[in-house]
Amino acid sequence: MIALEVKNLHKRYMFVKALDDFNVTFDKGKVIGLLGPNGSGKTTLMRILSGLLQKSSGEIIYDKVLKGKALKQKVAYMPTESQLYNWMTVNQIIGFYEDFFEGFDRQKVLDAIAVLDLKTSSTIKSLSTGQRGRLKVALTMARKAELYLIDEPLNGIDPISRDMILELLAGEITDDKCIVISSHLVHEFERIIDEVIFIRKGKVELKGHVETLRSEREMSIHDLYKEVYKYD
Amino acid sequence: MIRLLKFEFQKKWKMSLGVLLGYFLIYFVFLFKFKAEGTFNIERMPFQLVFFILLASGLFFAAGISAINSLRVEAKNSSRDLYFALPLTAYTKIGSKLIVSTVEATLAAVIGTISCIKALEYLTGFGVMKFLFQGLQDAPLDEVILALYVQILAGVLMLLIIYLSFAIFRSFFSQVRLGGLITIIIYIILMYLNVRYVFPFISIDTMTTQSIGLAVAGMTAYTVIIFGLVGYLFEKRASFD
């Protein structure tokens, strides 16, 4: 089942085309890797899909018409930079999500952060980058949404926290949701993604099932990534 | 809306309490200093009075800055990706900020005015408050209520014009650098247009007694229109690059 279809999407900044006639379909029940080097258009796409950025032209079709409040309820976006309020405590930010996002699963967050050895009375500001990274993934995944857009979740994160985040993401996939993860750290993500979309200069360069691509090209996705972007 | 109001108060109460404590610390230090210098020193009285008026104005100014920053910081910091992705309309978000800002500014005005009067009473022994209350009792209640309403509405309108400059920046110039400067330029243009073409028709200062009602209705309608415009731009047009 299609979670989202993007047709002829264009996004133009003053002198740069960030997305250029971008077409893609995201299916439910899959973890999709959105891969590409810095500046390829991954974040721009995610911000447009989450309603934080206006498109220049094109169509974004969810399984039904979604706008405004409904769109923001169904799409859970996690940006690279921490979106959490630094002045809040862990407990307060969990309460904040619970207050505003329908169907938010508090227990899921508490379970996810249980191994982090942090007090819920600690402020967000006092958390390490790894702790904050795991908390924001846990908060996003505890939302009841249909499309999860996770932008560069491993940036600046230590290897132990990386594994925890990957486990958390891999354990979340169900038939009624689609998880899109953007990254250029392909090696880390290869084991949890079902489909991969390579973006170059705002266009889809290559798209396919991970297993199919691996067998057709006889190389790992990591090596394929290097192959695709070797001249950039 | 209630949840957003709770969030706004949760966000602001520590800073507001700090400002209030700072205000009363300065207030009492100088009040006792002036008293010790001599209660009936009539030559220094204007300076002392101006000091307390400026201090109270500072409290009101702080409330104004807090009201502006309430949206400015929200739209600028990385937490905007959470705030503007909340499944609530922009009208609700802007509305909650206006309510909290109005409460904050009204409290600052009341505290500033009462503390100023009390300082004057303490220094001179003259019952200013009693005198003012007598004056208020003689005034028709509907005029007092109307005056208060217009004061609050004017404050809300001024704040909305500032919010509109943020909304225009986010809608049409969000990719441009020097966002602060551009927002100020937008604000100056908006204020010029308002002073030139709108305020003369809704300002009660320029109206006759008969047309005051019309001016207040016009001012109310204009405030609602600006609110709608700010909400629309944040809902449909704003980009957070």
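Please refer to the structure placed before this passage.
These numbers were taken from a predicted model, which means no experiment stands behind them. (Residues numbered from 1 in each chain as written. Chains lettered and ligands numbered in written order. Predicted model: local features only at pLDDT ≥ 70, side-chain atom pairs only at ≥ 80, totals over all residues.)

(A) Inspection of the overall build of chain A at higher detail. Assigned secondary structure in chain A consists of nine helices and nine strands. A compact globule built from 232 residues would reach a C-alpha radius of gyration of about 17 Å, and chain A, at 17 Å, matches this within 12%. Each principal axis of the C-alpha atoms in chain A carries an extent, and together these give about 50 × 40 × 35 Å. Counting the 232 residues in chain A, one finds 43% classified as buried. A separation threshold of at least 6 residues defines the contact pool for chain A, and within that pool the share at least 24 residues apart is 71%. (Helix = DSSP H or I, 4+ residues; strand = E, 2+ residues; numbered from the N terminus. Rg over C-alpha atoms; globule rule 2.2 N^0.38 Å. Buried ≥ 20, exposed ≤ 12 C-beta atoms within 10 Å, placed from the backbone. Contact = placed C-beta atoms within 7 Å.)

(B) Structural detail: the overall build of chain B. Scanning chain B from terminus to terminus reveals eight helices and zero strands. Taking the principal axes of its C-alpha atoms as reference, chain B extends roughly 60 × 45 × 35 Å. Taken over 241 residues, chain B has a buried fraction of 25%. When contacts within chain B are restricted to residue pairs at least 6 apart in sequence, long-range pairs at least 24 apart make up 78% of them.

(C) Region of the structure containing helix H9 (residues 221-228) of chain A. Residue and element names in this part refer to chain A. Within H9, burial applies to Ile 221, Leu 224 and Tyr 225. All buried residues of H9 fall inside an arc of 105 degrees around its axis, so they share one side. Tucked inside the fold, the buried residues of H9 contact strand E3 (31-35), helix H7 (186-189), strand E8 (195-200) and helix H8 (210-217). (Arc of directions from axis to C-beta.)

(D) Expanded view of unusual backbone geometry. Residue and element names in this part refer to chain A. One non-glycine residue, Lys 201, lies in the positive phi region at around 45 degrees. Lys 201 sits in the partly exposed class, given 16 other C-beta atoms within 10 Å. Of note, the phi angle at Glu 218 is positive, near 55 degrees, even though the residue is not glycine. Locating Glu 218 in the fold gives a position in the loop between H8 and H9. With 9 C-beta atoms counted inside 10 Å, the residue Glu 218 sits in the exposed group.

(E) Here's a closer look at the sheet that holds strand E1 (residues 2-12) of chain A. Residues and elements named next belong to chain A. Taken in spatial order, the three strands line up as E2-E1-E4 in an open sheet, and their pairing is antiparallel. Looking at the sheet topology across the chains shown, the edges are occupied by strand E2 (17-27) and strand E4 (57-62). Across the sheet, the mean angle from the axis of one strand to that of its neighbour is 10 degrees, orientation sign disregarded. Pairing geometry for E1 and E2, over seven bridges, is antiparallel. Along E2, the bridge assignment pairs Leu 9 with Phe 22. (Pairing = 2+ DSSP bridges. Axes fitted to C-alpha atoms, helices over the stretch in contact; angles between N-to-C directions.)

(F) The nonpolar core, seen in detail. Core analysis: the largest hydrophobic core is formed by 108 residues, its most contacted members being A:Leu149 and A:Val180. In terms of residues, this core owes the most to one element, helix H6 (residues 141-172) of chain B, which gives nine residues. Residue assignment places this core across two domains, with domain 1 (1-138) and domain 2 (139-241) of chain B each supplying three or more. Not counting residues within four places of it along the chain, the set of residues in contact with A:Leu149 comprises A:Met46, A:Leu49, A:Ser50, A:Val75, A:Tyr77, A:Met78 and A:Val180. (Core = buried A, V, L, I, M, F, W, Y, C linked by C-beta atoms within 7 Å. Domains from an automatic or database assignment.)

(G) Just the pairing of strand E9 (residues 203-209) of chain A, in detail. Residue and element names in this part refer to chain A. Strand direction decides the pairing type here: E8 and E9, joined by six bridges, are antiparallel. If you follow Ile 199 over to E9, its bridge partner there is Val 204. Linking E8 back to E9 in an antiparallel pair, the connection comprises two residues, with Lys 201 at a positive phi of about 45 degrees.

(H) Structural detail: the sheet that holds strand E7 (residues 178-183) of chain A. Residue and element names in this part refer to chain A. The mixed open sheet is built from six strands, whose spatial order is E5-E6-E7-E3-E8-E9. Since the sheet does not close on itself, it has two edges, and those belong to strand E5 (75-78) and E9, each with one partner. Each strand axis lies, on average, 15 degrees off the axis of its neighbour in the sheet, ignoring direction. Across five bridges, strand E6 (residues 147-151) lies against E7 in parallel orientation.

In short, the description is geometric, and any link to function would need to be established separately.
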